[in-house]
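Fold and contact review
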Amino acid sequence: MTVRAGVFAFTSCEGCSLITLEVEDRLLEILGRVEFVNFREAIDDKSDDYDIAFIDGAITREHEVGELMKIRERAAILVAMGACAVQGGLYFLKEYHEPGETLAYVYGDKAGQFDTMPVRPVSQYVKVDHSLYGCPIDKREFVEVVTALLSGRRPNIPDYPVCNECRMSENICVFERGLACMGPVTRAGCGAICPSRHVGCFGCRGMVDKPALDQHRAVLTERGLTEEEITARYRMFNGHWGSAHEKP
Amino acid sequence: MKNLDIKVEHVTRVEGHGNIVVKVRDGRVEDARLDIVESPRFFEVMLQGRSWQEASWITSRICGICAVTHSTASLKATEDAFGIVPSAQTVLLRKLLLDGEYIQSHVLHVYFLVAPDLLGVGSVVPLAGTHIEVVRMALRLKKLGNDLCALVGGRHVHPVAMKVNGFTSLPEPAGLASARERLVAARADLDATVELFKTLRIPAFTRETEYLSLKGVDEYPLYDGDMMSSDGYVFKPRGYLESIKETVVPPSSAKHVAARRDSYMVGALARFNNNHGLLHKRAKAVADAVGLSAPCHNPFMINVAQLVETVHCVEHAAETIDMLLGSGMSVEVSDVRPIAGRGVGVVEAPRGTLYHDYTYGADGMITGANCIIPTGQNLANIEADMQGILPGLLGGTEADVAQTLKMLVRAYDPCISCATHSIEVVFDRG
Ligand code: SF4
Ligand code: SF4
């Protein structure tokens, strides 16, 4: 069976779209089963007839909402791809600044000519069937979602924290190296790529369904992080979702 | 054709959203623009109040294709602000990462986004049907670039191991050695690509312009150096604001960038024109073989220059690995002490010169930021090329004119999501 798919980028760095081309080893095989009929970054066709829509990016402007709704109407399955689409992602950081100041800083005296809308995840406006987490998404997980959808099963996406993957890789916990880590509350699936390179997890894959927030904050505090530093960590990738989890 | 209105919305096979707008009246070109309609993301604002450790993590997300270069420019800006000079080992590893990024970015552009035009098919998908060997070769080369980035930086899109004054962990020597073998083996694919390029018909069009790039001393410069113009002046990265100016061009509010003329070019062809003498001898031989010689004023040759640079980067990466393995890598202490002040980091991204400029408070928090992106710098030049090429095209059909303009825009490899780190274009659909 082959399916028709579209890849659509909204407000993003298009890194996640790019990852779909980075599965070099599997690309020809995937192209044999998935017909990309709309993928502005890579192809000319702009068909409106597709079964699966992959969405990369957050929604930050009025016209994007309309486009997204049209895509939702046409696609049987909608996959949100990456931290921007799933959580609002890193670009949500602008929401912690006054909108007026944001515009003035960038446009100076021309600020009045522009408007800006709050950064929102795709799920704010339409139903999302599956999510690919991470900034960027993990290419193995992309292949997993594609193969699962082709065979009509649910994709296998972890709902356990990154710590589990660290243990599987026998990493020395970065807390032992004196670094802070979002791993205990962050959804695994990245293979603990950051801790494996001696970097504390930044939480780009968003939180597990039931994060142990109080314990995590307590650990970070114990390690000497101030309340502001903890908040900065929590805000980095968790966007809209992170702010909802934030303590007042 | 006396009157012509072309609006190509959301040009395909470029990174980001851009529209071409052309208006011809009585055979006279009244308007020829590339409008950027990507949503603004306000990076300069997002950076404010964030710490020096996070800056490169945040700015890497400006662009998924040149994430390594953004990270590099960001780290250099912070080091410049804090008066840090990174070790020779750190510099070598960063250069190796840049080689990897150039290989993957240029290969993606040349094979996936441009070759379909030159081979007369709509995209890489039909190309897989008509030229499967070309696609296999492209995938192998692209994977080599990605794997090199992953080896040194943890991954290509948004590297994890790059940090201020060093790396969080070092690549395994065995991994470097096997990457070296693959680099040497890639010569065969590159030779085949050169043969393919000899058969491609590159549109003939020339327009002399100003070329800006880093200036090399003993190496083809991607990582470091002063800035130079083909018009014969040089300037220090820190003084860039005196030499290049961002301006708002009514009625659109796209920030265009200009130096001493109305427009200039950055990117592979600009670097080639300014520094071709410093290319690896294999890259020079390829330039000769495919008919690229400096100074070249045909923007369609940017893609040929990208091929030449790919060959250079493959050789340079192999040599860099030799140096790293020869001297032996060691875990270094990376001391960072924030001080208040401003720092500028300039790097050559695959698409052209990239500037990151940060101001820090004494606590190591960013108080001000500015980033100037290659595509923003090329915008005025692309539009000047459109103006220049249009009169010669008006005898053809509207579809042909649109196709040539799209090819011209794609030749620049515009990375539009990058260019809109903060800008938005309001445009008049004429
Ligand atoms: S999630 Fe990250 S990699 Fe993906 S589009 Fe957003 S910024 Fe880019
Ligand atoms: S490094 Fe982070 S993800 Fe890994 S075990 Fe420690 S806290 Fe968990």
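Residues numbered from 1 in each chain as written. Chains lettered and ligands numbered in written order. Predicted model: local features only at pLDDT ≥ 70, side-chain atom pairs only at ≥ 80, totals over all residues. Heavy atoms only, no water.

Let's shift gears to the overall build of chain A. Each helix and strand counted, chain A has ten helices and five strands in total. Each of the 248 residues in chain A was classed as buried or not, and the buried ones make up 60%. Put simply, of all contacts in chain A between residues at least 6 apart along the chain, 72% involve residues at least 24 apart. Summed over its atoms, the accessible surface of chain A is roughly 10,300 Å², and 50% of this surface lies on carbon and sulfur atoms. (Helix = DSSP H or I, 4+ residues; strand = E, 2+ residues; numbered from the N terminus. Buried < 20%, exposed > 50% of the residue type's maximum accessible area, 1.4 Å probe, protein only. Contact = heavy atoms within 4.5 Å. Areas by Shrake-Rupley, 256 points an atom, 1.4 Å probe, with all protein chains shown as cover.)

For the rest of this paragraph, the subject is the nonpolar core. Ranked by internal contacts, the top residues of the largest apolar core, which has 179 residues, are Phe54 and Leu90 of chain A together with Tyr111, Leu183, Leu292 and Met386 of chain B. The element that contributes the greatest number of residues to this core is helix 4 (residues 88-118) of chain B, accounting for 14 residues. In terms of domain composition, this core takes at least three residues from each of domain 1 (3-151) and domain 2 (162-244) of chain A. Ignoring anything within four residues of it in the chain, the contact list for Phe54 of chain A reads Ala5, Gly6, Val7, Phe8, Val79, Met81, Phe142 and Val146 of chain A. Formed by 19 residues, the second largest nonpolar core is a distinct cluster that contains Val37, Ile55, Ile59 and Ala80 of chain A. (Core = buried A, V, L, I, M, F, W, Y, C linked by side-chain atoms within 4.5 Å. Domains from an automatic or database assignment.)

All names here are of chain B. One way to put it is that helix 12 (residues 374-393) packs onto helix 13 (residues 398-411) with a least axis distance of 11 Å and a crossing angle of 150°. The orientation of helix 12 with respect to helix 13, classified from their angle, is roughly antiparallel. As for the relative orientation of helix 12 and helix 13, their crossing is right-handed in sense. From helix 12, Ile382, Asp385, Met386, Ile389, Leu390 and Leu393 reach across to helix 13, where they touch Val401, Thr404, Leu405, Leu408 and Val409. Split by residue class, the contact of helix 12 with helix 13 holds nine nonpolar, one polar and one charged. (Axes fitted to C-alpha atoms, helices over the stretch in contact; angles between N-to-C directions. Parallel < 35°, antiparallel > 145°, perpendicular 65-115°, else oblique. Left-handed = near helix turned anticlockwise from the far one by under 90°. Nonpolar A, V, L, I, M, F, W, Y, C, P; charged D, E, K, R; others polar.)

By the element assignment, Gln104 of chain B lies in helix 4. On the basis of relative accessible area, Gln104 of chain B is assigned to the buried category, the value being 0%. A polar atom in the side chain of Gln104 of chain B sits 3.4 Å from the side chain of His156 of chain B. Each residue touching Gln104 of chain B, except ones within four places of it in the same chain, is listed here: Glu22 of chain A together with Ile65, Lys142, Gly145, Asn146 and His156 of chain B. (Polar contact = N/O pair within 3.5 Å; in protein donor to acceptor, adjacent residues only side chain to side chain.)

Turning next to the domain arrangement of chain A. Residues and elements named next belong to chain A. Annotation of chain A at the domain level lists domain 1 (3-151) and domain 2 (162-244). Together domain 1 and domain 2 conceal approximately 1,400 Å² of surface at their shared face, both sides included; 58% is due to carbon and sulfur atoms. For domain 1, the biggest contributors to the area lost against domain 2 are Gln87, Tyr96 and Tyr133; these three give 43% of the whole. Joining domain 1 to domain 2, the criterion identifies one salt bridge. (Buried area = accessible area lost by both parts, 1.4 Å probe. Salt bridge = Lys/Arg side-chain N within 4 Å of Asp/Glu carboxyl O.)

Residues and elements named next belong to chain A. Close to ligand 2 lie Val162, Cys163, Cys166, Cys173, Val174, Phe175, Cys181, Gly183, Pro184 and Pro195. Ranked by residues supplied to the shell around ligand 2, first place goes to helix 7 (residues 162-168) with three residues. The class makeup of the residues in the shell around ligand 2 is nine nonpolar, one polar and no charged. (Near = heavy atom within 4 Å.)

Right, let's talk about the environment of Val331 of chain B for a bit. Residue and element names in this part refer to chain B. Locating Val331 in the fold gives a position in the loop between helix 11 (302-327) and strand 12 (341-349). Residue classification places Val331 among the exposed residues on the basis of a relative accessible area of 77%. For the pair Val331 and Ala185, spaced 146 residues apart in the sequence, the C-alpha separation amounts to 30 Å.

Residue and element names in this part refer to chain B. Ordered by their spatial adjacency, three strands build an open sheet running 12-13-14, and the pairing between neighbours is antiparallel. Lying at the two open borders of the sheet, with one neighbouring strand each, are strand 12 and strand 14 (366-372). In this sheet, adjacent strand axes meet at a mean angle of 15° when their direction is disregarded. Contacts between helix 3 (residues 67-82) and the sheet are confined to strand 12 and strand 13 (352-360), with strand 12 contributing the most and set at about 150° to the helix. (Pairing = 2+ DSSP bridges.)

All names here are of chain A. Taken together, 15 residues sit near ligand 1, with Cys13, Cys16, Ala83, Cys84 and Cys135 positioned nearest. When residues of the shell around ligand 1 are traced back to their parent elements, those giving at least two are helix 1 (15-21) and helix 4 (83-87). Taken together, the residues that form the shell around ligand 1 break down as seven nonpolar, five polar and three charged.

All names here are of chain B. Taken in spatial order, the four strands make up an open sheet running 8-7-6-11, and their pairing is mixed. Each end of this open sheet is capped by a strand with a single partner; those strands are strand 8 (234-235) and strand 11 (264-265). Both strand 6 (residues 210-214) and strand 11 contribute to a ladder of two bridges, which runs parallel. Note on strand 11: the bridge partner recorded for Tyr211 is Met265. The strands touched by helix 9 (residues 268-275) are strand 6, strand 7 (227-229) and strand 11; relative to strand 6, the strand with the most contacts, the crossing angle is about 85°.

On to unusual backbone geometry. Geometrically, the link from Cys135 of chain A to Pro136 of chain A is a cis peptide bond, its omega value of 0° lying close to zero. Residue placement: Pro136 of chain A occurs in the loop between strand 5 (130-132) and helix 6 (139-150). At the junction of Ala294 of chain B and Pro295 of chain B, the peptide bond is cis and its omega measures out at -5° in the coordinates. Counting through the fold element by element, Pro295 of chain B comes out in the loop between helix 10 (281-289) and helix 11. Residue Glu170 of chain A is not a glycine yet carries a positive backbone phi of 55°. Mapped onto the secondary structure, Glu170 of chain A falls in the loop between helix 7 and helix 8 (193-196). Its identity as a non-glycine residue notwithstanding, His158 of chain B has a phi of 65°, on the positive side.

Glancing now at the confidence of the model for chain B. Residues and elements named next belong to chain B. On average, chain B scores 86 in pLDDT, and the residues at 70 or more come to 87%. Segment residues 417-430: pLDDT under 50, and 63 contacts once partners within four positions in sequence are set aside and those in other chains are kept. For this predicted complex, the interface score ipTM comes out at 0.89, alongside a pTM of 0.91. (pLDDT = per-residue confidence, 0-100.)

A full pass over the atoms with the stated rule returns 32 salt bridges over all chains. Between Arg33 of chain B and Asp31 of chain B there is a salt bridge, with its nearest N and O atoms 2.3 Å apart. When the shortest N-O distance is used, the salt bridge between Arg282 of chain B and Glu315 of chain B registers 3.6 Å. Here Glu315 of chain B lies in helix 11 and Arg282 of chain B lies in helix 10, a separation of 33 residues in the sequence. One network of salt bridges, with partners in common, ties together Arg72, Lys127 and Asp129 of chain A.

The next thing to look at is the packing of aromatic side chains. Taken as a whole and judged by the stated rule, the model has nine aromatic pairs over all chains. Their ring planes at 25° and their centres at 6.5 Å tell us that Tyr233 of chain B and Phe235 of chain B sit as a pair that is stacked. The two residues Tyr233 of chain B and Phe235 of chain B agree in class, both being buried. Members of the aromatic cluster, connected to one another through ring pairs, are Trp52, Phe82, Tyr358 and Tyr360 of chain B. The lysine or arginine in question, Arg217 of chain A, covers the ring of Tyr234 of chain A, its NZ or CZ lying 4.8 Å from the ring centre. Cation over ring: Arg235 of chain A sits above Tyr96 of chain A, and NZ or CZ is 3.7 Å from the ring centre. (Phe/Tyr/Trp six-rings, centres within 6.5 Å; stacked < 30°, edge-to-face > 60°. Lys NZ or Arg CZ within 6 Å of the ring centre and 35° of its normal.)

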